[in-house]
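Here are the chains, one letter per residue:
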Amino acid sequence: MAVAAKAPKAKEYSYSWEGKDKTGKAVKGEMRAPGEAGVSSALRRQGINATKIKKLRTSNKAVTPKDISLFTRQLATMMKAGVPLLQAFDIVGKGNSNASVARLLLDIKTDVETGSSLEQAFRKYPLYFDDLYCNLIGAGEAAGILDTLLDRLATYQEKIQAIKSKIKSALFYPISIIVVAFIITAVIMIFVIPAFKELFDSFGADLPAPTLIIMAISEVFVAYWWAIFGGIGGTIYGFLYVWKRNKKMQDIMDKLMLKLPIFGEVIRKSCIARWSRTLATMFAAGVPLVEAFDSVAGASGNVIYFDATKRIQRDVSAGANMTVSMQDTGVFPSMVLQMVTIGEESGALDAMLSKVADFYEAEVDDAVEALSSLMEPMIMAVLGVIIGGLVIAMYLPIFKMGAVV
């Protein structure tokens, strides 16, 4: 028997509306619907006679993790102040400058109004709310401490965003300098060196070897600049494309990143900080330890710690001691193992893990500052050698002629 195809869901838009309720009181709000007729019928079902419906302008601005972190903090603050959940969604949504965030919050609010739990409403948007987020929201709803867990979740997200920002800034600085150095070198090769070449050709004298080498490289740049820039740009784009979409490539790069001579240790410390912070947050929220490891594995941000966490999860579920299992993985420093041991013995595992996270976050901060101080003179020295070498190579013939004269 043929099965009828499911009709595609109609595209929805945001509308602001004004009207009067059954008592004649003026009311207004916002709603997502396929059209004005949908807004009118939805309002009629709520006993509201719409007098004005206006389509809101949409924005294609993306919803970032920073937006989600800010929303979580605002929602936690309002709930702690006693603001009802739906009203809090209204206030946060209307006060947000990103229209995409406002639409997202309006959709979640609509789901809650129609009977969904807050956890179920969040799980409809896995692109913005991961399993860790939804699990903590569910635990908060079940225990009646949603405001407390929202506050803890907001703190967790702020800490994670801060440490990610530190790592990105540490990696971005040298990469940006390398790009600028290449562009400056290419400009000199394409526009400056040919002018010197014409000058030297008029001299008719033999040129020093460094000058001849630079002029030969310049000729390649002038003749094939499109291939050089296109090849480098295509290689970088292809590499990033494969890295983003290929699991095997991601695993290789994760392992390679930990082995980098300077940055590897910083990345390792950031992974341990995120691992500890995530497990502490989940355990403090009352999520069973074995279940918490599912979220911890994904939040660690590196395949080495993902695999290690899955191994710990299997061992702990089979009755093994967590500290022993962590030690067997070989990826956790002795200080972490000692703190976890103390936490297990004292029944304060979440507090000990939070201290571990605080320690390694401070270590990352110090390492990034030290790297910035170290990289700046090194990069300036490299730039000086490259640019200075080009200048000297092109002025050598002039110096030679001056000596002869």
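Residues numbered from 1 in each chain as written. Predicted model: local features only at pLDDT ≥ 70, side-chain atom pairs only at ≥ 80, totals over all residues. Heavy atoms only, no water.

Enquirer: Quick one: what's the story with the overall build of the protein chain, residue by residue and with numbers?
Expert: For the protein chain, the count of helices and strands is 15 helices and 3 strands. Relative to a compact globule of 405 residues, whose C-alpha radius of gyration would be 22 Å, the protein chain shows 30 Å and is clearly more extended. Dimensions of the protein chain, computed from C-alpha atoms along their principal axes, come out at roughly 105 × 65 × 55 Å. For the protein chain, the proportion of its 405 residues judged to be buried stands at 39%. In the protein chain, of all internal contacts separated by at least 6 residues, the share reaching a separation of at least 24 is 60%. Of the accessible surface of the protein chain, which amounts to about 22,900 Å², a share of 61% is contributed by carbon and sulfur atoms. Of the charged side chains in the protein chain, 44 are positive and 39 negative; the average position of the first set lies 8 Å away from that of the second. (Helix = DSSP H or I, 4+ residues; strand = E, 2+ residues; numbered from the N terminus. Rg over C-alpha atoms; globule rule 2.2 N^0.38 Å. Buried < 20%, exposed > 50% of the residue type's maximum accessible area, 1.4 Å probe, protein only. Contact = heavy atoms within 4.5 Å. Areas by Shrake-Rupley, 256 points an atom, 1.4 Å probe, with all protein chains shown as cover. Lys, Arg positive; Asp, Glu negative; His and termini not counted. Charge placed at Lys NZ, Arg CZ, Asp CG, Glu CD.)

Enquirer: Report on helix H10 (residues 263-284), specifying residues and quantitative values.
Expert: For H10, with 22 residues, the first-to-last C-alpha span of 32 Å sits near the 32 Å given by 1.5 Å per residue. Of all 22 residues in H10, 18 are buried, a share of seventy percent or more. Remark: Gly286 follows H10 within two positions and exhibits a positive phi of approximately 90°. (Expected span 1.5 Å × (residues − 1).)

Enquirer: Got a sec to walk through helix H12 (residues 303-317)? Specific residues and values, please.
Expert: Here H12 spans 21 Å end to end across 15 residues, near enough to the 21 Å set by a 1.5 Å rise per residue. Looking only at H12, the buried set comprises Val303, Tyr305, Ala308, Thr309, Ile312, Gln313 and Val316. For H12, the secondary structure elements touched by its buried residues are helix H9 (247-258), H10, helix H11 (289-299) and helix H13 (322-329). With a side-chain oxygen positioned 2.9 Å from the backbone nitrogen of Ile304, the residue opening H12 is Asn302. Immediately beyond the C-terminal end of H12, within one or two residues, lies Gly319, with a positive phi of roughly 100°. (Polar contact = N/O pair within 3.5 Å; in protein donor to acceptor, adjacent residues only side chain to side chain.)

Enquirer: Outline the packing of aromatic side chains, supporting the account with residue identities and numerical values.
Expert: As enumerated under the stated definition, the model contains 13 aromatic pairs in all. Between Phe196 and Tyr395 the ring centres are 5.6 Å apart and the planes differ by 70°, which places this aromatic pair in the edge-to-face class. Note that Phe196 is positioned in helix H7 (residues 146-203) and Tyr395 in helix H15 (residues 349-404), a separation of 199 residues in sequence. A residue is classified by how much of its surface remains accessible, and Phe196, at 17% relative accessible area, is buried. The partly exposed category is assigned to Tyr395, whose relative accessible area is 35%. Look at Tyr305 and Phe332: their rings are 5.7 Å apart centre to centre, the planes differ by 80°, and that puts the pair in the edge-to-face class. Of the two residues, Tyr305 is situated in helix H12 and Phe332 in the loop between H13 and helix H14 (334-346); the sequence distance between them amounts to 27 residues. Taking relative accessible area as the criterion, Tyr305 reaches 0% and is therefore assigned buried. (Phe/Tyr/Trp six-rings, centres within 6.5 Å; stacked < 30°, edge-to-face > 60°.)

Enquirer: So what's going on with the pattern of salt bridges? Which residues, and what values?
Expert: Within the structure shown, the criterion is met by 13 salt bridges. The closest approach of N and O atoms between Arg73 and Asp151, which form a salt bridge, is 2.6 Å. Residue Arg73 is found in helix H2 (residues 65-80), and its partner Asp151 is found in helix H7; the two are separated by 78 residues along the sequence. Looking at Arg73, the relative accessible area reads 21%, which means it is partly exposed. Of the residues examined, Asp151 reaches a relative accessible area of 26% and is grouped as partly exposed. Between Arg277 and Asp358 there is a salt bridge, with the nearest N and O atoms lying 2.5 Å from each other. One end of the pair, Arg277, is in helix H10; the other, Asp358, is in helix H15, and 81 residues separate them in sequence. (Salt bridge = Lys/Arg side-chain N within 4 Å of Asp/Glu carboxyl O.)

Enquirer: Which residues make up the packing of H13 against H14, and what values go with them?
Expert: At a minimum axis separation of 9 Å, H13 and H14 run at an interaxial angle of 165°. One finds that H13 runs roughly antiparallel with respect to H14. In this structure, H13 meets H14 at a crossing whose hand is right-handed. Where H13 abuts H14, its residues Met322, Thr323, Met326 and Gln327 lie against Val336, Leu337, Val340, Thr341 and Glu344. Across the contact of H13 with H14, the residue classes tally to 5 nonpolar, 3 polar and 1 charged. (Axes fitted to C-alpha atoms, helices over the stretch in contact; angles between N-to-C directions. Parallel < 35°, antiparallel > 145°, perpendicular 65-115°, else oblique. Left-handed = near helix turned anticlockwise from the far one by under 90°. Nonpolar A, V, L, I, M, F, W, Y, C, P; charged D, E, K, R; others polar.)

Enquirer: Would you mind going over the nonpolar core in detail, with residue names and values included?
Expert: With 79 residues, the main nonpolar core has Ile108, Phe122, Phe129, Trp275 and Met322 as its most contacted residues. No other element matches the 11 residues that H15 contributes to this core. Ile188, Phe196, Leu207 and Met215 belong to the second largest nonpolar core, which has 14 residues in total. (Core = buried A, V, L, I, M, F, W, Y, C linked by side-chain atoms within 4.5 Å.)

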